[in-house]
Amino acid sequence: MLVSEAVSRKVEHDAGRSRWKAAASFVLSEYLVLALCVLYTLVMIPVVPEIITVEVWQNILSDMMPLLIVCLGQTVVLIVAGIDLSVTAVISLASVVGASVMTQSDGYLSGPLAAPGAMIAMLLVGAAVGLLNGISITRLNMPAFVVTLATTTFFGGSAIWYTTFHSTTTSIYDLPDMFISIGDRDVMGIPISVLVAAAAALVVHGILAYTILGRWLYAVGKNPRTAYVSGVPVRTTVVSAFVLSGVLAALASIVYTARMQTGTPILGERILLDVIGAVVIGGTSLFGGKGKVIWTVFGVLFLVLIDTTLKLLGASLFVIYVIKGSVILAAALVDTLRTRYLGVR
Amino acid sequence: MRTGFRSDAPLLSVKGITKSFFGVRVLHGVSFELWPGEALGLLGENGSGKSTSMNILGGVHQPDGGQMSLGGRPYAPQNPREASQAGIAFIHQELNLFPNLSIEENLFITDFPRRGGVPFIDRRWMRKRARELLVEVDLDLPPTRLVGNLAQGERQLVEIAKALHADAKVLILDEPTTSLTRREVERLFSIIERLKSRGVGIIFISHALGDVMHICERMTVLRDGAVIGTDRRERLNLPTVISMMVGRSIDAIYPERITKPRPEVALRVRNLTQRGVASDISFDIHAGEVVGLSGLMGSGRSELARLIFGLDPLESGTVEVAGTQLMRPNPKASMAAGLAFLTEDRRNEGLLMEASIADNIGLTFLRRFKVGPGVVSGQALNNTASELARMVHLSTDRVQDTLAKHLSGGNQQKVVIAKWLLRRPKVFILDEPTRGIDVGAKQEVYRIINRLVEEGGAVFLISSEIEEVMGLSDRILTISKGEITGSFERSGFDREAILAAAMAPAGPQREAYT
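Procedures and definitions
- Residues numbered from 1 in each chain as written.
- Chains lettered and ligands numbered in written order.
- Predicted model: local features only at pLDDT ≥ 70, side-chain atom pairs only at ≥ 80, totals over all residues.
- Heavy atoms only, no water.
- Helix = DSSP H or I, 4+ residues; strand = E, 2+ residues; numbered from the N terminus.
- Buried < 20%, exposed > 50% of the residue type's maximum accessible area, 1.4 Å probe, protein only.
- Pairing = 2+ DSSP bridges.
- Axes fitted to C-alpha atoms, helices over the stretch in contact; angles between N-to-C directions.
- Contact = heavy atoms within 4.5 Å.
- 1 Å grid on protein atoms, 1.4 Å probe; cavity = no way out; pocket = protein on both sides within 12 Å on 5 of 7 lines; lining within 4 Å.
- Points joined across faces, edges and corners; volume = space filled by probe spheres on them.
- Buried area = accessible area lost by both parts, 1.4 Å probe.
- Salt bridge = Lys/Arg side-chain N within 4 Å of Asp/Glu carboxyl O.
- Polar contact = N/O pair within 3.5 Å; in protein donor to acceptor, adjacent residues only side chain to side chain.
- Nonpolar A, V, L, I, M, F, W, Y, C, P; charged D, E, K, R; others polar.
- Domains from an automatic or database assignment.
- Parallel < 35°, antiparallel > 145°, perpendicular 65-115°, else oblique.
- Right-handed = clockwise from strand over helix to strand, strands pointing away.
- Core = buried A, V, L, I, M, F, W, Y, C linked by side-chain atoms within 4.5 Å.
- Phe/Tyr/Trp six-rings, centres within 6.5 Å; stacked < 30°, edge-to-face > 60°.
- Lys NZ or Arg CZ within 6 Å of the ring centre and 35° of its normal.

(A) Structural context of the overall build of chain A. Helix and strand counts for chain A come out as 14 helices and two strands. Relative to its full complement of 345 residues, chain A shows a buried share of 51%.

(B) Region of interest: the sheet that holds strand β24 (residues 483-489) of chain B. Residues and elements named next belong to chain B. Strand order in the open sheet formed by six strands is β18-β21-β22-β15-β23-β24, with mixed pairing between adjacent strands. If you trace the sheet from one side to the other, it starts and ends with β18 (339-342) and β24, each paired once. The mean inter-strand angle of the sheet, taken between neighbouring strand axes irrespective of direction, is 20 degrees. Two elements, strand β15 (residues 290-294) and strand β22 (residues 458-462), share four bridges in a ladder whose sense is parallel. Within the sheet, the bridge partner assigned to V291 lies in β22 and is F460. Running over the sheet, helix α14 (residues 409-421) touches β18 and β21 (427-431) and is turned about 170 degrees from β18. In the packing of helix α17 (residues 495-503) onto the sheet, contacts are made with β15, β23 (475-480) and β24, and the angle to β23 comes to roughly 35 degrees.

(C) Region of the structure containing empty space enclosed by the protein. Residues and elements named next belong to chain B. Scanning the entire structure with this criterion turns up seven cavities of 30 Å³ or more. The volume enclosed by the second largest cavity comes to roughly 40 Å³. Looking at the second largest cavity, the residues that line it are V14, I17, V30, F32, S53, I56, L57 and M68. Counting only elements with at least two residues in the lining of the second largest cavity, the list comes to β1 (12-21), β2 (24-34) and α1 (50-57). Per element, the largest residue contribution to the lining of the second largest cavity is three residues, and it comes from α1.

(D) The interface of chain B and chain A, seen in detail. Between chain B and chain A, the contact holds 35 residues from the first and 20 residues from the second. Where chain B abuts chain A, roughly 2,200 Å² becomes buried across the two surfaces, and 61% of that area is made up of carbon and sulfur atoms. If you look at where chain B meets chain A, you find two salt bridges. Between A:R225 and B:E349 there is a salt bridge, and its shortest N-O distance comes to 2.8 Å. Joining chain B to chain A, the criterion identifies eight residue pairs in polar contact (both at pLDDT 80 or more). If you list the elements that add at least two residues to the side of chain B that touches chain A, you get α9 (301-309), α10 (331-337), α11 (346-350), β20 (375-376), α13 (378-391) and α14 of chain B. Its residues assigned to classes, the side of chain B that touches chain A comprises 15 nonpolar, 10 polar and 10 charged.

(E) Just the domain arrangement of chain B, in detail. Residue and element names in this part refer to chain B. Looking at the assigned domains, one finds that chain B contains domain 1 (12-245), domain 2 (266-338 + 426-514) and domain 3 (350-424). Relative to domain 3, the C-alpha centre of domain 2 lies at a distance of 26 Å. Contacts between the two partners involve 16 residues from domain 2, matched on the other side by 13 residues from domain 3. Roughly 1,200 Å² of surface becomes buried between domain 2 and domain 3 when both sides are summed, with 69% attributable to carbon and sulfur atoms.

(F) The sheet that holds strand β17 (residues 324-325) of chain B, seen in detail. All names here are of chain B. The sheet built from four strands is open, its strands ordered β14-β13-β16-β17 with antiparallel pairing. Strands at the two margins of the open sheet, each flanked by one partner only, are β14 (278-286) and β17. As judged from the five bridges shared by strand β13 (residues 265-274) and strand β16 (residues 316-321), these two strands associate in the antiparallel manner. Each bridged residue has a counterpart across the sheet, and for R270 the counterpart in β16 is T318. The strands touched by α9 are β13, β14 and β16; relative to β13, the strand with the most contacts, the crossing angle is about 110 degrees.

(G) View of the pattern of salt bridges. The final tally for this structure, using the stated rule, is 34 salt bridges over all chains. Close ionic contact of B:K169 with B:D167 constitutes a salt bridge, the shortest N to O distance being 3.7 Å. A salt bridge links B:R495 to B:E467; its shortest N-O distance comes to 2.3 Å. Of the two residues, B:R495 sits in helix α17 while B:E467 sits in helix α16 (residues 466-472), which places them 28 residues apart along the sequence. The class of B:R495 is partly exposed, set by a relative accessible area of 32%. Residue B:E467 is classed as partly exposed on the basis of its relative accessible area, which comes to 40%. Here the salt bridges do not stand alone but share partners, grouping A:R225, B:R306, B:D312 and B:E349 into one network.

(H) Local environment of the packing of helix α9 (residues 212-222) of chain A against helix α11 (residues 234-260) of chain A. All names here are of chain A. With their axes 10 Å apart at the nearest point, α9 and α11 run at an angle of 100 degrees to one another. Put simply, α9 runs roughly perpendicular to α11. Contact residues: L213, W216, L217 and V220 in α9; V234, T237, V238, S240 and A241 in α11. Of the residues belonging to the contact of α9 with α11, the class tally is seven nonpolar, two polar and no charged.

(I) How the structure looks around the pairing of strand β9 (residues 170-174) of chain B. Residues and elements named next belong to chain B. Burial of β9 is extensive: five of the five residues sit out of reach of the surface. Side chains of β9 alternate between two faces, with V170, I172 and D174 and L171 and L173 buried alike. Alignment of strand β6 (residues 88-91) against β9, held across four bridges, turns out to be parallel. When the bridges of β9 are listed, F90 appears paired with I172. Bridge analysis of β9 against strand β10 (residues 201-205) gives five bridges, and the strand direction is parallel. Bridge pairing links L171 to I202 in β10. Following the chain from β9 across helix α6 (residues 182-197) to the adjacent parallel β10, one finds a crossover that is right-handed.

(J) Examining the environment of A:I281 more closely. Residue and element names in this part refer to chain A. Within the secondary structure layout, I281 lies in helix α12 (residues 272-282). It is 23 Å that separates the C-alpha atoms of I281 and V247, two residues lying 34 residues apart in sequence. In contact with I281, other than residues within four places in its own chain, are V33, G299, F302, L303, V327, I328 and A331.

(K) Layout of the layout of surface pockets. Residues and elements named next belong to chain B. Here the largest pocket is characterised by a volume of approximately 1,800 Å³. Those elements that provide at least two residues to the lining of the largest pocket are α1, α5 (152-165), α9, α11 and α14. For the lining of the largest pocket, the element with the most residues is α1, which contributes five residues. For the lining of the largest pocket, the residue count by class is 11 nonpolar, 23 polar and 15 charged.

(L) Main features of the nonpolar core. Counting residues in each nonpolar core, the largest one holds 100 residues, and the members touching the most others are A:L72, A:F179, A:I281, A:V300 and A:F302. Looking at this core, the element that brings in the most residues is helix α3 (residues 54-79) of chain A, giving 14 residues. In this structure A:L72 touches A:A197, A:A200, A:A201, A:V204, A:L248, A:V293 and A:T296, once residues within four positions along its chain are discounted. The next biggest cluster of nonpolar side chains, apart from the first, holds 74 residues, and it includes A:V229, B:V392, B:A441 and B:L472.

(M) Just the packing of aromatic side chains, in detail. Taken as a whole and judged by the stated rule, the model has nine aromatic pairs over all chains. An angle of 75 degrees between the planes, with centres 5.1 Å apart, marks the rings of A:W161 and A:F165 as edge-to-face. Of this pair, A:W161 and A:F165 both sit in helix α6 (residues 144-166), four residues apart, which is roughly one turn of the helix. Each member of the pair, A:W161 as well as A:F165, carries the same accessibility label: exposed. Judged by centre distance (5.0 Å) and plane angle (40 degrees), the ring pair of B:Y254 and B:Y446 falls under tilted. Of the two residues, B:Y254 is situated in the loop between α8 (238-246) and β13 and B:Y446 in helix α15 (residues 439-454); the sequence distance between them amounts to 192 residues. Relative accessible area serves as the criterion here: at 2%, B:Y446 is assigned to the buried category. Here the aromatic cluster, defined as three or more aromatic residues joined through ring pairs, consists of B:F309, B:F341 and B:W420. The cationic tip of B:R423 hangs over the ring face of B:F365; the distance from NZ or CZ to the ring centre is 4.5 Å.

Okay, structure coming up:
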């Protein structure tokens, strides 16, 4: 082979390789989902022109917020290779417990202390359920899936039962204005719910990226044996993840309840698919050890974007579910392909 | 001739095989021949091209150039299936068996015998044939036993039976002896001899040079993707083979140590007892001392290390590190007292394979990089990890973005060592520190051990290679059935005596081996 020929082949080869590399790094990039959101929006403009209006985006943002808060907790749990199905029950139970504390018609607390007291009670409910999940999983060595399936059923039922003691209808009404303002008030033009979600996202990001606990979470998710041999308190780490998930679900419940202006025992029932779906779309691995707050933010954005456009199109609920299901499947597929062909997880 | 091949012509001939990945040439014309009824040792360090050559033989990769012929006919497998149909069986280090299926199901996994033309398995015939195959490999087990319940050595024999069932002409064994007990190795060798007498050609790949010299008639040494030499066993010896492999002569495999053990006790173990694992074990290790532990597999040598480090529950006995007694043995407490433990299972207990080098190294001592309440500085961690990576001569300095799983075995082991050095351990327990790593990396590990000891650390070394224990230790303890059966000072090291003590039935003697 002539030298020049060899050189030109090499150049060709290198060009092919760098193209391949560029494509690979795009698929791997944490902004892939964001790019898909932009692309999707652009494609949808001719079909749903409203998609580029400020009102629609305000709606998208406001729909994203409570979901994002729940998803943050789920992200942490998935990182330790767990799964938390109990978030929906936490949302429902926290909602009715909080409402029973602060309702103006015969609540446990009244006056200016009612709303803060109720919110503390709600967060405690989340922490307690999370603690129960975590301890059952680490001390009794039961799989997270089964434990949280049991607790979600148990506490979901408890939420309805609890409501019957405080209300003759299916919900608890008459919540104080101070509490309801969380759902509809702005601070300097930014809705309170957005501020709450942003703060939660920053805190969780800080924990994951900069703390010892964060590094323990990833290590346990990647290989609990190695983590244990290296002196990582594996049980405490797993329990922390579930407590965090419970507390964040309760925080989301505060936002949901304030928006609904009632305490409802079926508040969280329908969002489980969205929670796990959004986190997985973002790129967090169901196998543990991999996940980021920013990925989850984009995942939630993508899911809500699809939801919103389909509603604008007037699609039926069935269609929306079918399409969401397909998107989640596609996300799982991308995750698998990444692992298989690029050896990265 | 039972095999149908002439014994005056090579069974397998490989000529001038070249192969490049992404423009990087990894094989530069590899040639060798395998004759019927012989075992050919294939030697070389990691990255020398052994695996690529074997993957080409096994149909996993296709060569860019060169020819192969099998039994006189051209051989160019396009995939592993074609290779196995042609009579090449590749038995990997990580065995390809289904633990949740029975022995017989594993043997017939690709060709379950059918009953007539109907899609039902002829279980009776399958069981009969499976029994015959098991007899051939000396495995006295019911064919219905689940593979998951078999010992490592037994699984390997099932793999060989599977190769026999496929009527393999060439059997490639990759690191077959690393995870076997001495007795299992002997059984494997006798089966290899039997296969040889039937005209099967064996390619034997291993870092355990002693095993290769023992079973192989000829050896081919690869380095940097080329064959350095092929010769008969009689004309080679260990030092020659090693210098062929590493490309320079290695004068002393075990580097000299300039310091002597100090008087102060670093590790004091007293009356350690756990039913079925250890009975009343007592010994001391001094600062600046290497104590080797020699014992057969199953003697309790790894279990003893796990007990000391607090990985497994302990019935009674005490462990003191530099005068501090460990109250409730668990890894965290042991580490705080100054213990470090390199486990024999690098993959599952030593490393986070999916994490970067820096993350792996930092894991044992995250508090060291604390800059606020619970907050660690990633920058400080990376800097320290880079320093340690240089200290252990890691092949890469990209500690932040190289994942552990992308490193060779030797470099992975260096990462495990580095992560424990981060804690500056007073006592470092090393369980099989050189298993499955090449000669060059082994020497690096020895050098690190020496340095640690010269700085006043104590090392408890467990190894199944008696030469290694003898080469590195100041003192050797032998263990058999969970009891210490002997203690040898360096001046009195005697291979036969140590082996005899390691194989001795546990006796009534009870003394502290200090």
